[in-house]
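# Structure at a glance
Spelled out from the first residue to the last, the chains are:
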Amino acid sequence: MSTKPEANAAPKKPAPAKKAPAKSARRRSREAALQGIYQWLITGDEVAAIDAHTREQEGFGKIDRGHYEALLNGCVTEAADLDAVLSRHVDRKTTELSPIEHGVLMIGAYELKHCVDIPYRVAINEAVELAKSFGGTDGHKYVNGVLDRAALDLRPQEVAAHNNAR
């Protein structure tokens, strides 16, 4: 009995490519908020004008509007407070960060500070995913490190409980 494949055997079909999972409405809201925060950091435009422009973008209807509004308005309104939290954990002034990384860090810090319904690890991971999608090559590693340390300030009990459970 021969173990060689037959010459006339049909070639195997390649496995179909796996589709990326659909983005959640929350993730889309973070992406839209990041666009707005980026624009605000670059131009200093009024938040209302940035919001109106963002709402005109394709796919806006698929986002969690409440979360988007909280992130955009909260990050801009509390920019100085969020930067104060972040400044303890970054290696340079927040104004010297890339606008994408700065915006991602603001979103992460805002969620850590105000969105206690989102576990701190989820808030950090979502910020890391934003940085991977929109930031520089290794920016996500920087975002992860900064927010990991910021979580100790903003959610000390939750971080301690997580570390004790390991």
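Below: a short report on this structure. Being a predicted model, the structure only gives us computed values, none of them experimental. As a convention, each chain's residues are numbered from 1 in the sequence order in which they are written. Where totals are concerned, whole chains, interfaces and linings use all residues; where local detail is concerned, this predicted model gives features only for residues with pLDDT of at least 70, and gives and counts side-chain atom pairs only at 80 or more. Excluded from the side-chain calculation are hydrogens and water; included are all heavy atoms of the structure.

Definition used in this section: a nonpolar core is a set of buried Ala, Val, Leu, Ile, Met, Phe, Trp, Tyr and Cys residues joined via side-chain atoms within 4.5 Å. For every residue, the accessible area obtained with a 1.4 Å probe (protein chains only) is divided by the maximum for its type, and the residue is called buried under 20%, exposed over 50%, and partly exposed between those limits. Formed by 40 residues in total, the largest nonpolar core has its most connected members in Val104, Leu105, Ile107, Val143 and Leu147. Per the convention used, a helix needs a DSSP run of H or I reaching at least four residues, while a strand needs a run of E reaching at least two, with both numbered from the N terminus. Among the secondary structure elements, those contributing two or more residues to this core are helix H1 (25-43), helix H3 (65-77), helix H4 (79-87), helix H5 (99-114), helix H6 (120-134) and helix H7 (139-154). In terms of residue count, the dominant contributor to this core is H5 (eight residues). In this description, contact between two residues means that some pair of their heavy atoms is separated by no more than 4.5 Å. With residues near it in sequence (within four places) discarded, Leu105 still touches Leu86, Val90, Leu97, Tyr142, Val143, Val146 and Leu147.

Here Glu129 lies in helix H6. A relative accessible area of 31% places Glu129 in the partly exposed class.

Here we come to the side chain of Glu101. With respect to the element layout, Glu101 can be found in helix H5. The charge count treats Lys and Arg as positive and Asp and Glu as negative. His and the chain ends do not count. Salt bridge, as used here, is a side-chain nitrogen of Lys or Arg placed within 4 Å of a carboxyl oxygen of Asp or Glu. For Glu101, which is buried and forms no salt bridge, the nearest opposite charge comes from Arg92, at a distance of 4.2 Å. Residues contacting Glu101, with those up to four places away along its chain left out, are Arg92, Gly139 and Tyr142.

Another point: the packing of H5 against H7. Between H5 and H7, the shortest axis-to-axis distance is 10 Å and the interhelical angle comes to 30°. Here H5 is positioned roughly parallel relative to H7, judged by the angle of their axes. Our pair here, H5 against H7, has a crossing hand that is right-handed. Facing Glu101, Val104, Leu105, Gly108, Ala109, Leu112 and Lys113 of H5, the residues of H7 in contact are Gly139, Tyr142, Val143, Val146, Leu147, Ala151 and Leu154. Taken together, the residues that form the contact of H5 with H7 break down as ten nonpolar, two polar and two charged. Fitting a line to C-alpha atoms yields each axis, with helices limited to the stretch in contact; the angle taken between N-to-C directions then spans 0 to 180 degrees. Should an angle fall under 35 degrees it is taken as roughly parallel, and over 145 as roughly antiparallel, whereas 65 to 115 is taken as roughly perpendicular and any remaining angle as oblique. Left-handed describes a crossing in which the near helix is turned anticlockwise from the far one by less than a right angle; the clockwise case is right-handed. Ten residue types, Ala, Val, Leu, Ile, Met, Phe, Trp, Tyr, Cys and Pro, are classed as nonpolar, four, Asp, Glu, Lys and Arg, as charged, and the remainder, Gly among them, as polar.

Take the packing of aromatic side chains next. Two aromatic rings, drawn from Phe, Tyr or Trp (for Trp, its six-membered ring), form a pair once their centres lie within 6.5 Å of each other, and the interplanar angle then sorts them: stacked below 30 degrees, edge-to-face above 60, tilted otherwise. The final tally for this structure, using the stated rule, is one aromatic pair. Considering the side-chain rings of Phe60 and Tyr68, the 5.2 Å spacing of their centres and the 85° angle between planes classify their relative orientation as edge-to-face. Tyr68 gets classed as buried once you look at its relative accessible area, which sits at 0%. For Arg92, the ring lying beneath its charged end belongs to Tyr142, and the centroid distance is 5.1 Å. Distance and angle both matter: a charge sits over a ring if NZ of Lys or CZ of Arg is within 6 Å of the ring centre and within 35 degrees of the ring normal.

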